[in-house]
Amino acid sequence: MTAVVFIHGTGVREPGFSATAGRVAAGLTELRDGLRIVPYYWGGTHGATLAAGGASLPPAAGTSRGLGEAPAAEPGDETVAAWAALYADPYAELAVAAGGAAPATERPPGAVPPAQTLQARLAALAAQGDAPAAELGPGLARAAGDLAAHPLLAPAAEALDPDDLPAVAARSLAARVIANALYADAPLIPVGETRDDITERLAEALGAPPRGTQRGVRSLLLRTAGSAASRAVVRRRRALTEAAHPAAGDVLRYLTRGAAVRADLRSLIEGLEPPVVLVGHSLGGIIALDTLISAPLPQVALLVTAGSQGPFLYESGSLPSLEPPAPLPPHVPDWLNLYDPRDLLSYVGAALFPGRVTDIAVDSRQPFPAAHSAYWTNHVVYRHIVDRLP
């Protein structure tokens, strides 16, 4: 009788583990009779916990410890929230303004549309290259050209006060440049003071009144991205940390103290009659791979990983058991690696270990991160596994 050891991934705890293991057992036994499904629940014994109950969390604003109290409003909370919205969508302010624009009316003879004047100034700014916003990172010239041609610019210009329009455009440009830097994982992002100084200079170059006037962001984005939302995230930091930390903590804990997890898995395997198949999801696949590399386990006839980062950790020199360019040891069994092209936490290994790994793409039709958790509801996954079982 083939024994299939299922090894779960990061952040999984009860009752989620039993539900997942049950689904895996059902999916496999539906296609193959006589299998023995053996769950390995390492999260209960070796998973990460907040040992001191969250003592590492900073105190919230306006409190001594702040673990259960709502913080007071901090100066700049509203501006921070608005910029966060702009980094997510640099044209957000234009969209808000355009949404409140009045129906178009006939313009007096000779009147110049406000967007036309701004477009000319944007073109002049683009001609200077990236220099006027060099501290923010590259991309100002392109951002200015894109903004001048953006379909939201004309209706937003009609709706905004002429003094507000250049400031809104300047914030859009600054947000676009910083968003590009964030997307490129730039190691240095300017502080808010630098960002605001450059944005002010851009606004004046686009025709804004002198520094110090109140305009733009308070009357637009802060209607939807105000201080209440910003403070709510701070208030919820404990809940957010406790919700996220098992997954992140499990990875860090395994990479620094994974020997016990591997030792327990080895003991479990050694107590099973061959043939044994290891099926690991996400970090579970790394645990299985490391255990097999570390020393021979002749009972194991097949390794199956799904949504695993094992190949990436090896290539980056982070896999505990094997450092490149060392090949897989001969005692490691056949390796079936299932990945979803939309799962950004799945990697392929055939090019790293020629002839030792079979990579197969499976499509859950889910975006990331849902794709990372959709393997075990995909019948195609079970078919690929069962087709290779000893």
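## Here's the deal with the overall build of the chain
Helix and strand content of the chain: 15 helices and six strands. Scored against the burial criterion, the 390 residues of the chain give a buried share of 44%. Sequence-distant contacts, at least 24 apart, represent 75% of the contacts inside the chain between residues at least 6 apart. Of the roughly 19,000 Å² that the chain leaves accessible, carbon and sulfur atoms contribute 56%.

## Let's talk about helix 15 (residues 379-386)
Within the sequence span of helix 15, burial applies to Val381, Tyr382, His384, Ile385 and Val386. Buried residues along helix 15 sit in contact with helix 1 (16-29), strand 3 (276-281), strand 4 (300-306), strand 5 (334-339) and strand 6 (357-361). The residue sitting at the N-terminus of helix 15 and contributing the capping side-chain oxygen is Asn378; that oxygen lies 3.1 Å from the backbone nitrogen of Val380.

## Quick look at the pairing of strand 3
Taken across its six residues, strand 3 has six buried, putting it largely inside the fold. With burial as the criterion, each face of strand 3 is covered, one bearing Val276, Leu278 and Gly280 and the other bearing Val277, Val279 and His281. By the bridge criterion, five bridges tie strand 1 (residues 3-7) to strand 3 in an arrangement that is parallel. Within the sheet, the bridge partner assigned to Phe6 lies in strand 3 and is Val279. The pairing of strand 3 with strand 4 spans six bridges and is parallel. Across the sheet, the residue bridging to Val276 is Val300, located in strand 4. Note that the unit made of strand 3, helix 13 (residues 283-294) and strand 4 has a crossover that is right-handed.

## Looking at the side chain of His384
In this fold, His384 is placed in helix 15. Assessed through its relative accessible area of 19%, His384 is described here as buried. Every residue in contact with His384, bar those within four places of it in the chain, is listed here: Leu336, Leu338, Ile360 and Val362.

## Re the nonpolar core
Ranked by internal contacts, the top residues of the largest apolar core, which has 37 residues, are Leu122, Leu147 and Leu173. Broken down by element, this core gets its largest block of residues, ten residues, from helix 8 (residues 165-183). In terms of nonpolar packing, the next biggest core, distinct from the first, is built from 32 residues, Val5, Leu278, Ile293 and Leu319 among them.

## What about the packing of aromatic side chains?
In the structure shown here, the tally under the stated rule is eight aromatic pairs. Ring centres 4.6 Å apart and planes at 50° place the aromatic pair Tyr314 and Phe353 in the tilted group. Here Tyr314 is found in helix 14 (residues 310-315), whereas its partner Phe353 is found in the loop between strand 5 and strand 6, with 39 residues between them in sequence. Phe353 shares its class with Tyr314; the two are buried. Between the aromatic rings of Trp335 and Phe353, the centroid separation amounts to 6.0 Å while the plane-to-plane angle is 40°, which identifies the pairing as tilted. One end of the pair, Trp335, is in strand 5; the other, Phe353, is in the loop between strand 5 and strand 6, and 18 residues separate them in sequence. For the pair shown, Trp335 and Phe353 are each scored as buried. Among the aromatic residues, ring-to-ring pairing joins Phe6, Phe17, Tyr41, Trp376 and Tyr382 into one connected group.

## A look at empty space enclosed by the protein
With a probe scaled to a water molecule rolled over the atoms, the places where space remains empty come into view. Counted by the stated rule, this structure contains one cavity of 30 Å³ or more. As a volume, the largest cavity reaches approximately 30 Å³. As for the largest cavity, its lining consists of Trp42, His46, Asp250, Arg253, Tyr254 and Val261. For the lining of the largest cavity, the leading source of residues is helix 11 (residues 237-257), giving three residues. When grouped by side-chain class, the residues that make up the lining of the largest cavity number three nonpolar, one polar and two charged.

## What to know about the environment of Ala156
The residue Ala156 is located in helix 7 (residues 153-159) in this model. Ala156 gets classed as buried once you look at its relative accessible area, which sits at 0%. When the C-alpha positions of Ala156 and Val96 are compared, they lie 8.0 Å apart, and in sequence the two are 60 residues distant. With residues near it in sequence (within four places) discarded, Ala156 still touches Leu94, Ala97 and Ala98.

## Examining the side chain of His150
If you trace the backbone, His150 turns up in the loop between helix 6 (140-148) and helix 7. With a relative accessible area of 19%, His150 lands in the buried category. For His150, the side chain forms a polar contact with the main-chain nitrogen of Leu152, separated by 3.0 Å.

Basis of the calculations
- Residues numbered from 1 in each chain as written.
- Predicted model: local features only at pLDDT ≥ 70, side-chain atom pairs only at ≥ 80, totals over all residues.
- Heavy atoms only, no water.
- Helix = DSSP H or I, 4+ residues; strand = E, 2+ residues; numbered from the N terminus.
- Buried < 20%, exposed > 50% of the residue type's maximum accessible area, 1.4 Å probe, protein only.
- Contact = heavy atoms within 4.5 Å.
- Areas by Shrake-Rupley, 256 points an atom, 1.4 Å probe, with all protein chains shown as cover.
- Polar contact = N/O pair within 3.5 Å; in protein donor to acceptor, adjacent residues only side chain to side chain.
- Pairing = 2+ DSSP bridges.
- Right-handed = clockwise from strand over helix to strand, strands pointing away.
- Core = buried A, V, L, I, M, F, W, Y, C linked by side-chain atoms within 4.5 Å.
- Phe/Tyr/Trp six-rings, centres within 6.5 Å; stacked < 30°, edge-to-face > 60°.
- 1 Å grid on protein atoms, 1.4 Å probe; cavity = no way out; pocket = protein on both sides within 12 Å on 5 of 7 lines; lining within 4 Å.
- Points joined across faces, edges and corners; volume = space filled by probe spheres on them.
- Nonpolar A, V, L, I, M, F, W, Y, C, P; charged D, E, K, R; others polar.

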